[in-house]
Amino acid sequence: MEKEFKELPLIPLRGITIFPYMVLHFDVGRQKSILALEEAMLNGQEIYLVTQKDARMEEPEPEDIFTIGTVCNIKQLLKLPGDTVRVLVEGVKRAKLSSYIQQDPFYKVNVEIIDEVDSIPNKKCEALIRTVKDSFDEYIKLTGTMPADILLTLDDIESPGRLADIVSSYLVLRQDKKQELLEAYEIDKRLDKLLILMKNEIEILKIEKKIGVRVKNKIDKVQKDYYLREQLKAIQEELGEDDEDKKEVNRYKSRINKAKLPKYVKEKALYELERLKGTGGYSAEGNVIKTYLDWIIDLPWNNQTEDNYDIKKARKILDDEHYGLKDVKDRIVEYLAVKKMNESLKGPILCLVGPPGVGKTSIARSVAKALNRNFVRMSLGGLRDEAEIRGHRKTYVGAIPGRIIYGMKQAKSKNPLFLLDEIDKMSNDFRGDPADALLEVLDAEQNSTFRDHYLELEMDLSNVMFITTANTLDTIPRPLLDRMEIIEVSGYTYEEKLHIAKNHLVPKQLKENGINDKSIKFTDSGIKLIIDSYTRESGVRSLERRIGSVIRKALTDMLENDKKTCSITANLVKKYLGSEIYTYDKIDKDDKVGVVTGMAWTAYGGDTLPVEASIMDGNGKLELTGQLGDVMQESARAAFSYVRAHAYEYGIDNEFYKNKDIHIHAPEGAVPKDGPSAGVTMVTALVSALSGKKVKHNVAMTGEITLTGRVLPIGGLKEKCLAAHRVGIDTVIVPKDNKRDVEKIPEAIKEKLKFLFASDIDFVLKNALLEDTNNVN
Ligand code: ADP
């Protein structure tokens, strides 16, 4: 077949490809192209249109232009404002660029027309046509942007090549793909390519659609929520709740303005108020904000009470309300005196240590009264979570501030007396150590900027006077202990208790039970009996409780029997309180072998601790019973070793550890006992049991021992002596190094107790054991 050539002007196309049979208009602006158009109009209106490789190129050279294009007929020209011409063309035939005739002033080229020959067998042709049409149908439906009647125009096309060209012109494809379709002269290859491209596009469109649905669903939900919210607003407006919200916001605003808030707090409050406006008071978020605002508005940021500097008045208040407790009272008065001179003095952190019921809490209350400060109390007992001190972050559901801030709110002033009770009973676990947080609270250097997790605002605690209480110093973390001034409050003697009961507890209990006249009176013997037989304590807490219950019983008695007055005698006490609970004085009046009275000191005050030793035939076993702690067991072993080493001196069989079993027991087994001060007691019990010498029943002892027999000093002497005196002991053997502590023991006790100071165990044994086994003291 002969090849057909034509000389035609050329326009490079940017971003479009023209297929045969395709009608299309585009704008021509480049000078070279306009000249080419003009040339075409003069010569049969035919033009060669071919795509340039890079659409952005302004002046493409021959090598920038593809070599396969389309010969087109110019149907229409339209001059647009400026130098642009809009041209309508119809693709006629594919043509291959064979050579450039000229490049200036416009491109003129020689092209070879490509004639199409349908070379496909009929059946295959039909099949391909159908497949193309079906795919194109699916494609149109998926795009959703093309008119469906395009398909109708395809109905009567029988030439597969033509069909392919028309379909290609509708597809939205990348430029290079379109060019590939144009360059496919052979019809079966063109159809194959077209089908592959279409299938590919269909897949992509399907995925896009899926994503689209998902995105749309999301957007729909947002729109739905918005719509519902708007409706809710409208309903609230109808119900007048919106109004209510506004009123609430205004109420908060005026509270914020009235409260004396520091600038940074006020700013935060106003910021939260803005947020409240946005959420509405009925939402969950709104409630959280309101609670938070309540907290910061109610805290005493700037409220302060005026300290009382009248030292005489303060002393009187302290003395009136409490008997004794001289150290605490002196320290407070001292503080006042110094503070009077130097206003900026920081409050001391006092730690009152002593057994329960000795008045630690109540003296703190009196101190607050004496200083004219508000009083708050917080118990630290069992506290194990740092957040209890410092609060939970607001992001937690139901978060609240820590107890310090809670206490400050209760205090209503920024300089209260803050009592931290039971600081020795704190513990820690995985949630953090509350002691660390407490350190910050108590540290004068840091507590001016105490930050609670919930508040997220710094609060100045430097004006707070902290007083802490504890039963024992042993369990208080060292760093905390270092920051506090320790004041020991010890137990009371019998006489002191009587005095406190008469002057404080009885009047207080009468008042609490609503008796203001003098109808009920306590006799001394009545009170003494309560102290003796119904209480066994270092403090006066049970005493106070018993007095309370006697008063209530007396009151009932008076009402039932029409009595006007009642004088509480010992007999009445017995009648009201039932049989005696404790029988003191009740140390054995007999001297016994192997039974020794030790003196012990626990967090609950002093007590006597009997130790028994008994010997039986055996093979040298040492048995310890009576809930002895580790330290006590060690003392027992040390005592055992000492006795073994010195058996000869005390007339004990040298071989006793081979053929005797020894059992040491501390009765009242339910009470756990520990501490090193039972060393001397154990040795005495052992020597007595092994030698058969009796122990004097009126002697009690305390002291730690070394393996060489030295007696080491112990703690809590005063409490121990009080306890020994309570049970009727008249001689105490105590370590020589504790001599200086005897000063602290009340005169009344000192007068009645004979003190023997031991530096070694030999001295103890000499004074505790009776030489003659038959001699009864
Ligand atoms: P603590 O805190 O040491 O356990 P409390 O302060 O609870 O003891 O005291 C118990 C009760 O005993 C209180 O009612 C207290 O007023 C009273 N009390 C304790 N010691 C004295 C005292 N020295 N003078 C007057 N009352 C006292």
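Residues numbered from 1 in each chain as written. Predicted model: local features only at pLDDT ≥ 70, side-chain atom pairs only at ≥ 80, totals over all residues. Heavy atoms only, no water.

Student: Report on the packing of helix H21 (residues 630–645) against helix H23 (residues 679–691), specifying residues and quantitative values.
Tutor: Taken N-terminus to C-terminus, the directions of H21 and H23 make an angle of 45 degrees; their axes are 8 Å apart at the nearest point. Put simply, H21 runs oblique to H23. Both H21 and H23 take part in a crossing whose hand is right-handed. Between H21 and H23, the residues in contact are Met632, Ser635, Ala636, Ala639, Phe640, Tyr642 and Val643 and Gly679, Met682, Val683, Leu686, Val687 and Leu690, respectively. By residue class, the composition of the contact of H21 with H23 is 11 nonpolar, two polar and no charged. (Axes fitted to C-alpha atoms, helices over the stretch in contact; angles between N-to-C directions. Helix = DSSP H or I, 4+ residues; strand = E, 2+ residues; numbered from the N terminus. Parallel < 35°, antiparallel > 145°, perpendicular 65-115°, else oblique. Left-handed = near helix turned anticlockwise from the far one by under 90°. Contact = heavy atoms within 4.5 Å. Nonpolar A, V, L, I, M, F, W, Y, C, P; charged D, E, K, R; others polar.)

Student: For the pattern of salt bridges, give the residues involved together with the corresponding values.
Tutor: A complete count under the given rule lists 51 salt bridges for this structure. A salt bridge links Glu440 to Arg390, with the nearest nitrogen and oxygen atoms 2.5 Å apart. Here Arg390 lies in helix H13 (residues 386–390) and Glu440 lies in helix H15 (residues 434–442), a separation of 50 residues in the sequence. (Salt bridge = Lys/Arg side-chain N within 4 Å of Asp/Glu carboxyl O.)

Student: Quick one: what's the story with the layout of surface pockets, residue by residue and with numbers?
Tutor: The calculated volume of the second largest pocket comes to roughly 860 Å³. Lining the second largest pocket are 30 residues, and of these His322, Gly359, Thr361, Ser362 and Lys508 sit closest to its centre. Secondary-structure elements contributing two or more residues to the lining of the second largest pocket are helix H12 (360–371), strand S12 (465–470), helix H17 (494–512) and helix H19 (541–560). Take the lining of the second largest pocket: its biggest share by element is six residues, from H12. Partitioned by chemical class, the residues of the lining of the second largest pocket number nine nonpolar, nine polar and 12 charged. Per-domain counts for the lining of the second largest pocket show at least three residues from each of domain 3 (311–488) and domain 4 (494–577). (1 Å grid on protein atoms, 1.4 Å probe; cavity = no way out; pocket = protein on both sides within 12 Å on 5 of 7 lines; lining within 4 Å. Points joined across faces, edges and corners; volume = space filled by probe spheres on them. Domains from an automatic or database assignment.)

Student: So what about the UniProt feature "active site" (unreviewed entry) in the chain? Which residues, and what values?
Tutor: UniProt's entry tags Ser677 and Lys720 with the feature "active site" (unreviewed entry), counted in the numbering of this structure. In terms of the greatest pairwise C-alpha distance, the residues named above, spread along 44 residues, form a tight cluster of at most 10.9 Å across. In this structure, Ser677 sits in the loop between strand S20 (660–665) and H23. Setting aside chain neighbours within four positions, we find Ser677 in contact with Met599, Thr702, Gly703, Glu704, Ile714 and Lys720. Structurally, Lys720 is set in helix H24 (residues 717–726). (UniProt positions renumbered as here; feature names shortened; annotations may be inferred.)

Student: Please set out the packing of aromatic side chains residue by residue, giving values where relevant.
Tutor: Summed over all chains, the structure comprises 10 aromatic pairs. Aromatic pair Tyr264 and Trp301: ring centres 6.3 Å apart, planes at 80 degrees, arrangement edge-to-face. Taken together, the residues span a long stretch of sequence, with Tyr264 in helix H8 (residues 263–279) and Trp301 in the loop between helix H9 (284–298) and helix H10 (311–321) at a distance of 37 residues. By relative accessible area, which is 7% here, Trp301 ends up buried. Connected via pairs of aromatic rings, a cluster forms that spans Phe136, Tyr139 and Tyr170. It is Lys32 that lies over the ring of Tyr107; its NZ or CZ is 4.2 Å from the centre. The side chain of Lys409 reaches across the aromatic face of Trp295, ending 4.2 Å from its centre. (Phe/Tyr/Trp six-rings, centres within 6.5 Å; stacked < 30°, edge-to-face > 60°. Buried < 20%, exposed > 50% of the residue type's maximum accessible area, 1.4 Å probe, protein only. Lys NZ or Arg CZ within 6 Å of the ring centre and 35° of its normal.)

Student: Lay out the site of the ligand with the relevant residues and their values.
Tutor: Taken together, 19 residues sit near the ligand, with Tyr323, Thr361, Lys508, Arg541 and Glu544 positioned nearest. Within the backbone of Gly359, a nitrogen or oxygen atom sits 3.1 Å from an oxygen atom of the ligand. Measuring from an oxygen atom of the ligand, one finds a side-chain N or O atom of Glu544 at 2.6 Å. In isolation the ligand offers 550 Å² of accessible surface; the protein chains occlude 91% of this area. When each cavity is represented as a set of grid points, the ligand is found to reside in the second largest pocket. (Near = heavy atom within 4 Å. Polar contact = N/O pair within 3.5 Å; in protein donor to acceptor, adjacent residues only side chain to side chain. Areas by Shrake-Rupley, 256 points an atom, 1.4 Å probe, with all protein chains shown as cover. Sits in = over half its atoms within 2 Å of the grid points.)

Student: I'd like a description of the sheet that holds strand S7 (residues 350–353), backed by residues and values.
Tutor: Across the sheet, five strands lie side by side as S8-S9-S12-S7-S13; this open sheet has parallel pairing. Edge positions in the sheet fall to strand S8 (375–379) and strand S13 (485–488), since each of these pairs with one other strand and no more. Taking each pair of neighbouring strands and ignoring which way they run, the sheet shows an average axis angle of 20 degrees. As paired strands, S7 and S12 are joined by four bridges and run parallel to one another. In the strand pairing of S12, Cys351 is matched with Thr468. Against the sheet, helix H14 (residues 403–411) contacts S8 and strand S9 (417–421), and its axis sits at roughly 155 degrees relative to S8. (Pairing = 2+ DSSP bridges.)

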